[in-house]
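If you want the building blocks of each chain, they are given just below.
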Amino acid sequence: MVDAKKKQRRVPDWLNSPLWYSPDSNHHHHANATAYVDIDEEEVPPIATSIHQPPPIAVHEGQDASDEGASTSSVPSAEEVARSAQLFVELSKKVVNMREVRRLVSMGVPDGASVRPTLWKLLLGYLPTDRSSWLAELAKKRSQYRHLKEELLISPSEVLRRLEKLNFSNNEPKCESRGPLPRSEVTHAEHPLSLWKSSIWFKFFQDTDILEQIERDVPRTHPDLPFFAADSPFSKSNQEALRRILIIFTKLNPGIRYVQGMNEILAPLFYVFRNDADEENLGHVEADTFFCFLELFSRFRDNFCQQLDDSAVGVRSAITKLSQFLREHDEELWRHLEFTCKVNPQLYAFRWITILLTREFDFSDCLHIWDALLSDSEGLQETLFRICCAMLVLIRRRLLAGDFTSNLKLLQNYSATNVSHILYVANKLRTHPS
């Protein structure tokens, strides 16, 4: 029988460099980690010295200038300036070259470039590649959203009031006054206690529990970020926009409805579009966010469908695929987590996968991760697997030295790591497949 250790795939020497690992109080354990035989020996890339800051935004009415997200970014490097110029050139073309846009975005969108809102709209298919049709397409979508708000965000009593007013004006124009309808004239569909599934009141009360969950979750959205959580009119208006988007989504998708965590996925989209430098777009942030959320969600909606949890396309299957991906690229680490420590991947990877890593990093770093997720031609889920695997590989020494308790704590509270390193390693995992 072949020695199992000989079968174990080992990662390149460039991952053994201490530059890739966050400070650890148990640093002396690192020396005991298994040395690796390289797959393709190369130098460790230079470590970026600049720290990502939230993108600069205008201070809107009601927003405190000291709020996080309102600060200016650090001085951009020459490389970032050059990439910004390239992105502006691509976005100025009559027909946008999406292949080139994806390539540039995958290298990182400079925070000060003010192009991320447009780039994300293109990458999500909200904007067509033909720039001449942008205004017409945006006008159509924004009009659709306005009608959805008018149709879906009113109470049954208001619907009945409007119907009664319309009926009154059509059938009894000369009548000077009219009191409440006699009980005998109230139809089953109009009665608040109606059990008919077609009744607007039945549908209204059926949605109550879901709407209450949305009301609870929205104020919890990134509580450390004043943009969402401060007690100011600006933050409250942002919360109200998130609430309306989620309610409309829920009513349009009765098969999935609202699932806890959707607010976390919605937040980066709204934040980016709310910080658009184009004043015209700032008047339609809610509509733009709604349609981009629909498109983004369609790419991994099966992870939120409870009926599919145990299927080949559900969230448990996605977690299993991530585990297998780790096994292909670092079998020693995979065996240690699976058999030595017995850390079930669902205990940490469920949150990573379902809410796209939005709670594992600082919000500004999350935006850079999303640049990679949205721009990669391999697709969102495959790119997410590579990034998650890179996160594990980058702390492998600490994981190999740890037991169940320490490793679970480490994975559920991922240590601060330079995101550029994670994305670099994720790309190397594609370059060196098993």
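Residues numbered from 1 in each chain as written. Predicted model: local features only at pLDDT ≥ 70, side-chain atom pairs only at ≥ 80, totals over all residues. Heavy atoms only, no water.

> Any chance you could explain the overall build of the protein here in plain terms?
Helix and strand counts for the protein stand at 21 helices and 0 strands. A burial count over the protein gives 47% of its 434 residues as buried. Within the protein, contacts between residues separated by at least 24 positions form 70% of all contacts whose residues are at least 6 apart in sequence. Looking at the protein as shown, the accessible area adds up to about 22,100 Å², and 53% of this sits on carbon and sulfur atoms. (Helix = DSSP H or I, 4+ residues; strand = E, 2+ residues; numbered from the N terminus. Buried < 20%, exposed > 50% of the residue type's maximum accessible area, 1.4 Å probe, protein only. Contact = heavy atoms within 4.5 Å. Areas by Shrake-Rupley, 256 points an atom, 1.4 Å probe, with all protein chains shown as cover.)

> Explain the packing of helix 8 (residues 208–217) against helix 10 (residues 233–252) to me, please; I cannot follow it from the model alone.
The packing of two helices is summarised by the inter-axis angle and the distance between the axes. Look at helix 8 against helix 10: their axes get within 10 Å of each other, and the N-to-C directions meet at 155°. With respect to their mutual orientation, helix 8 and helix 10 come out roughly antiparallel. Crossing hand, helix 8 versus helix 10: right-handed. The residues of helix 10 that touch helix 8, namely those facing Ile 210, Leu 211, Ile 214 and Glu 215, are Arg 243, Leu 246, Ile 247 and Thr 250. Of the residues belonging to the contact of helix 8 with helix 10, the class tally is 5 nonpolar, 1 polar and 2 charged. (Axes fitted to C-alpha atoms, helices over the stretch in contact; angles between N-to-C directions. Parallel < 35°, antiparallel > 145°, perpendicular 65-115°, else oblique. Left-handed = near helix turned anticlockwise from the far one by under 90°. Nonpolar A, V, L, I, M, F, W, Y, C, P; charged D, E, K, R; others polar.)

> Quick question: what am I supposed to make of the side chain of Asn 281 here?
Position of Asn 281 relative to the elements: it lies in helix 12 (residues 279–282). Of note is the side chain of Asn 281, whose polar atom sits 3.1 Å from the side chain of Asp 276. If we ignore the near neighbours within four places in the chain, the residues touching Asn 281 are Lys 121, Leu 138, Arg 142, Asp 276 and Asp 288. (Polar contact = N/O pair within 3.5 Å; in protein donor to acceptor, adjacent residues only side chain to side chain.)

> Explanation requested: unusual backbone geometry in the structure shown.
Across residues other than glycine, the phi torsion is negative in most instances, and most of the peptide bonds are trans. Notably, Arg 257 is not glycine yet its phi reads approximately 60°, a positive angle. Inspection of the secondary structure puts Arg 257 in the loop between helix 10 and helix 11 (262–274). A positive phi angle is found at Lys 342, which is not glycine, with a value near 55°. Mapped onto the fold, Lys 342 is located in the loop between helix 15 (331–340) and helix 16 (346–354). Residue classification places Lys 342 among the exposed residues on the basis of a relative accessible area of 58%.

> Just to check I follow, could you spell out the pattern of salt bridges for this structure?
For side chains of opposite charge, pairing can occur when their charged atoms come near one another. Summed over the entire model, instances satisfying the criterion amount to 24 salt bridges. Residues Arg 103 and Glu 100 are paired through a salt bridge, measuring 2.5 Å at the closest nitrogen-oxygen approach. Within this pair, Arg 103 and its partner Glu 100 are both found in helix 3 (residues 98–106), separated by 3 residues, close to a single helical turn. A relative accessible area of 38% places Arg 103 in the partly exposed class. One salt bridge connects Asp 288 with Lys 121, and the closest N-O pair in it is separated by 3.1 Å. (Salt bridge = Lys/Arg side-chain N within 4 Å of Asp/Glu carboxyl O.)

> How do you make sense of helix 13 (residues 285–298) when you look at a structure like this?
Every α-helical turn comprises 3.6 residues, leaving residues that sit three or four positions apart pointing alike. Its 14 residues place the ends of helix 13 20 Å apart at the C-alpha level, agreeing with the 20 Å of an ideal helix rising 1.5 Å per residue. With 11 of 14 residues buried, helix 13 lies mostly within the body of the structure. Inspection of helix 13 places Val 285, Glu 286, Ala 287, Asp 288, Thr 289, Phe 290, Phe 291, Cys 292, Phe 293, Leu 296 and Phe 297 among the buried residues, and these make up the whole buried set. (Expected span 1.5 Å × (residues − 1).)

> Would you mind going over the packing of helix 3 against helix 17 (residues 363–375) with me for this structure?
Packing of helix 3 against helix 17 brings their axes to within 9 Å, and their N-to-C directions diverge by 150°. In terms of orientation, helix 3 and helix 17 fall into the roughly antiparallel class. Seen along the crossing, helix 3 lies across helix 17 with a hand that is left-handed. Between helix 3 and helix 17, the contacting residues are Arg 102, Val 105 and Ser 106 on the first element and Asp 371, Leu 374 and Ser 375 on the second. Split into classes, the residues belonging to the contact of helix 3 with helix 17 amount to 2 nonpolar, 2 polar and 2 charged.

None of the figures reported here should be taken as evidence of function without further support.
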